Amino acid sequence: MRFHEFYAGQVFTTKSITITKESITSFAAEFDPQYMHLDEEKAKQGRFSGIIASGIQTMAVTFKLWVETGSYGEDIIAGTAMNHLKFIKPVYPEDELHTVVEVTGLKEKKNGTGSVTVWLSTFNQRDEKVFEGELTVLVKQ
């Protein structure tokens, strides 16, 4: 979608994705190698009673789900900001996540572009919010 096709208050809901134990450990081994993501025995003794997904993985999945809606399509130029990120609840193996995206800001720019700001809210299968944050991107007009 081009800049002029977005409007404040517009809402999108993504498909769902299941977070597997294998995806948690694989992601963590490469990008966030902490025990609560990798060591099941030690994690069982901790605060969450088992392994959990990295918050960075939850954020990446949120972004993936949003991008896969195709809303930006070929009209996106670049991301410009991520703000107000909150990791609200842990994500466990076999949690099913989906994201609700609301357009919260639009700013026309020079050179035939505009910035679109969205608020991303990611929920598990119990409709508990697990992540939220703001994303701004530059798109073609």
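Reading the values: the criteria
- Residues numbered from 1 in each chain as written.
- Predicted model: local features only at pLDDT ≥ 70, side-chain atom pairs only at ≥ 80, totals over all residues.
- Heavy atoms only, no water.
- Helix = DSSP H or I, 4+ residues; strand = E, 2+ residues; numbered from the N terminus.
- Buried < 20%, exposed > 50% of the residue type's maximum accessible area, 1.4 Å probe, protein only.
- Contact = heavy atoms within 4.5 Å.
- Areas by Shrake-Rupley, 256 points an atom, 1.4 Å probe, with all protein chains shown as cover.
- Lys, Arg positive; Asp, Glu negative; His and termini not counted.
- Charge placed at Lys NZ, Arg CZ, Asp CG, Glu CD.
- UniProt positions renumbered as here; feature names shortened; annotations may be inferred.

Colleague: Report on the overall build of the protein chain, specifying residues and quantitative values.
Modeller: Each helix and strand counted, the protein chain has four helices and six strands in total. Each helix and strand of the protein chain, ordered N terminal to C terminal, gives the series β-β-α-α-α-α-β-β-β-β. C-alpha atoms of the protein chain, sized along the principal axes, occupy 55 × 30 × 25 Å. For the protein chain, the residues scored as buried account for 39% of the 141 residues in total. Residue pairs at least 24 apart in sequence account for 69% of intrachain contacts in the protein chain once pairs closer than 6 positions are excluded. Of the roughly 7,700 Å² of accessible surface on the protein chain, 50% is carried by carbon and sulfur atoms. Taking the average location of the 15 positive side-chain charges in the protein chain and that of its 19 negative ones, the two points are 6 Å from each other.

Colleague: So what's going on with the environment of Gly46? Residues and values would help.
Modeller: Within the secondary structure layout, Gly46 lies in the loop between helix 3 (40–44) and helix 4 (55–67). Distance from Gly46 to Met36, taken between C-alpha atoms, is 7.8 Å for residues 10 residues apart in sequence.

Colleague: Give a detailed account of the UniProt feature "domain: MaoC-like" (unreviewed entry) in the protein chain, specifying residues and quantitative values.
Modeller: Those places that UniProt annotates as "domain: MaoC-like" (unreviewed entry) correspond, in this numbering, to residues 9–117. Span residues 9–117 is 30% helix and 34% strand, its end C-alpha atoms 11 Å apart.

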